[in-house]
Amino acid sequence: MNSKLVVVGGVAAGMSAASKARRMDPDMEIAVYERSGFVSYGACGLPYYVQGIIPDHHRLVARTREQFARRNIQVFIHHEVTGIDPQKRQVEVKNLESGEAFETSFDQLMLSTGGSAMRPPLPGLEPRPGNLFSVRLVEDGIAIRRFIERERPVRAVIVGAGYIGIEMAEALVDNRLVAPPVLSEVTMLTLLPPLAPTVDADMSKLVADKLSEHGVKLHVDRVESFEQEEGRIVAVNTEGGSFPADLVIMATGVEPNTALAQQAGIALGPTGAVAVDDHQRTNIEGIYAGGDVAEALDLVTEQPTYVPLGSTANKQGRVAGENIAGGDAIFEGIVG
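> Would you mind showing me how to read the nonpolar core here?
It is characteristic of soluble globular proteins that their nonpolar side chains tend to be buried jointly. Within the largest apolar cluster, 36 residues are counted, with the highest numbers of intra-cluster contacts made by I148, L172 and I249. Put simply, the parts of the chain that give this core at least two residues each are α2 (46-51), α4 (138-151), β10 (155-159), α5 (163-173), β11 (185-190), α6 (201-213) and β16 (247-250). Setting aside chain neighbours within four positions, we find I249 in contact with F133, V135, I144, V157, I158, V159, M168 and L172.

Next up, the structure:
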């Protein structure tokens, strides 16, 4: 009887694991459940889709469901895994379009539920405003782009100054969706200097200078609240002042989606992400994890770290997929 692999989450780590397992074992039954409407896409390209450099969101997709089907990998979009039973070797799945719920079995499971954009618990974010966006899913990019084309916002506020914040600043300042350009004021708010905290202070200053050169107004300030009117944010309030806004991008970081793991008894590590060994195994036999839900070993500190990047996710997925299919691959770690 053929072994069955269930993959929970179908982006970088999940689809890399499925693809590698298929190459290793042509007879394995593989089913992938993804709660969004897209799999195997490059989220790193989302700011450039919003900017208008990438003309069509389909260009972000590396492989479609149909392409995976031709390799005998079943992919179910708009299907959310709502529970894992390690003892029964079953998962509970909900079809988000029909509402139907069902159970399916597994011999091996790849947990790649990814991460979510952090939303600080600040006044004015509930109910969710219609002009507040994160940048994680293809659907996020589509929503931002449609908003710009339809609403023609003039003033944008970006909360956060990491990779996504900086890329979105460029996407909004040099936006090519509407002619003539309408976004004339882009403000970036960051809690602590330096800008781009993964680089040294002198390099951070170069980034900040380049942003200013292109008209981005950078403020080191603590956001205290969001002012809403008629379901839209009209201003972002900080300790030092208030910034009017037609469009708000929340880019305050990523946190791992670990609720499903915790429900199943899968151990988390010191970073709060799923703990894995160098084979991408969790503490439960037959369950692997990788990507933005999992930790990685920092080769400098030799301690677990959390760096949610696509490059790490793809590598972890390939290692997990090989081991799921009976191999002996090792993910040695990252340097961030």
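> Help me out: how do you make sense of the packing of aromatic side chains in this one?
Two aromatic rings are characterised by how far apart their centres lie and by the angle between their planes. Applying the stated criterion to the full structure yields three aromatic pairs. Considering the side-chain rings of Y33 and F76, the 5.0 Å spacing of their centres and the 15° angle between planes classify their relative orientation as stacked. In this pair, Y33 is assigned in strand β2 (residues 29-34) and F76 in strand β3 (residues 74-77), connecting sequence segments 43 residues apart. Aromatic rings pair up to connect Y33, F76 and F102 into one cluster.

> Help me out: how do you make sense of the side chain of D221 in this one?
Mapped onto the fold, D221 is located in the loop between β12 (216-220) and β13 (223-229). Among buried charged residues, D221 stands out as having no salt bridge; its nearest opposite-charge side chain is R222, 7.2 Å away. Not counting chain neighbours up to four residues away, the residues in contact with D221 comprise T190, L191, T238, E239, G240 and G241.

> Just to check I follow, could you spell out the side chain of T305 for this structure?
Tracing the sequence through the fold places T305 in strand β20 (residues 304-305). Dropping the residues within four chain positions of it, T305 is found in contact with T271, E295, A296, L297, D298 and I334.

> Explain the sheet that holds β11 here, please?
As a general point, the strands of a sheet are linked pairwise by backbone hydrogen bonds and lie either parallel or antiparallel. The strand order across the open sheet formed by five strands is β9-β16-β10-β11-β12, and the pairing between neighbours is parallel. The sheet is open, and its two borders are formed by β9 (132-133) and β12, each paired with just one other strand. As judged from the two bridges shared by β9 and β16, these two strands associate in the parallel manner. By the bridge assignment, L132 is partnered in β16 with V248.

> How do you make sense of unusual backbone geometry when you look at a structure like this?
The peptide bond linking E126 to P127 adopts the cis configuration, its omega dihedral lying at -10°. A179 connects to P180 through a cis peptide bond whose omega is -5°.

> What am I meant to see in α4 here?
Residues three or four positions apart in an α-helix share a direction because the helix packs 3.6 residues into each turn. Compared with the 20 Å implied by 1.5 Å per residue over 14 residues, the 20 Å span of α4 between its first and last C-alpha is a close match. Among all positions of α4, only V138, D140, G141, I142, I144, R145, F147 and I148 are buried. If you follow the buried residues of α4, they end up packed against α2, β9, α5, β14 (232-238) and β16. R152, located one to two residues past α4, shows a positive phi value of around 50°.

> Teacher, can you tell me more about empty space enclosed by the protein here?
If a probe as big as a water molecule is rolled over the atoms, it shows which places are left empty. All told, the structure shown has two cavities of 30 Å³ or more when counted by the stated rule. By volume, the largest cavity amounts to about 50 Å³. Lining the largest cavity, in full, are I148, L172, V173, N175, V178, P181, V182 and L183. Taken together, G291, D292, A294, E295, A296, Y306, V307, P308, L309, T312 and Q316 form the lining of the second largest cavity.

> Looking at this structure, how should I read the pattern of salt bridges?
Side-chain pairs of opposite charge can arise where the charged atoms are in close proximity. Inspection of the entire model under this criterion finds 13 salt bridges. The salt bridge partner of R136 is D292, with a shortest N-O separation of 2.9 Å. Within this pair, whereas R136 is found in the loop between β9 and α4, its partner D292 is found in the loop between β18 (287-289) and β19 (296-297), the two being separated by 156 residues in sequence. Owing to a relative accessible area of 22%, R136 belongs among the partly exposed residues under this scheme.

Reading the values: rules and limits
- Residues numbered from 1 in each chain as written.
- Predicted model: local features only at pLDDT ≥ 70, side-chain atom pairs only at ≥ 80, totals over all residues.
- Heavy atoms only, no water.
- Core = buried A, V, L, I, M, F, W, Y, C linked by side-chain atoms within 4.5 Å.
- Buried < 20%, exposed > 50% of the residue type's maximum accessible area, 1.4 Å probe, protein only.
- Helix = DSSP H or I, 4+ residues; strand = E, 2+ residues; numbered from the N terminus.
- Contact = heavy atoms within 4.5 Å.
- Phe/Tyr/Trp six-rings, centres within 6.5 Å; stacked < 30°, edge-to-face > 60°.
- Lys, Arg positive; Asp, Glu negative; His and termini not counted.
- Salt bridge = Lys/Arg side-chain N within 4 Å of Asp/Glu carboxyl O.
- Pairing = 2+ DSSP bridges.
- Expected span 1.5 Å × (residues − 1).
- 1 Å grid on protein atoms, 1.4 Å probe; cavity = no way out; pocket = protein on both sides within 12 Å on 5 of 7 lines; lining within 4 Å.
- Points joined across faces, edges and corners; volume = space filled by probe spheres on them.

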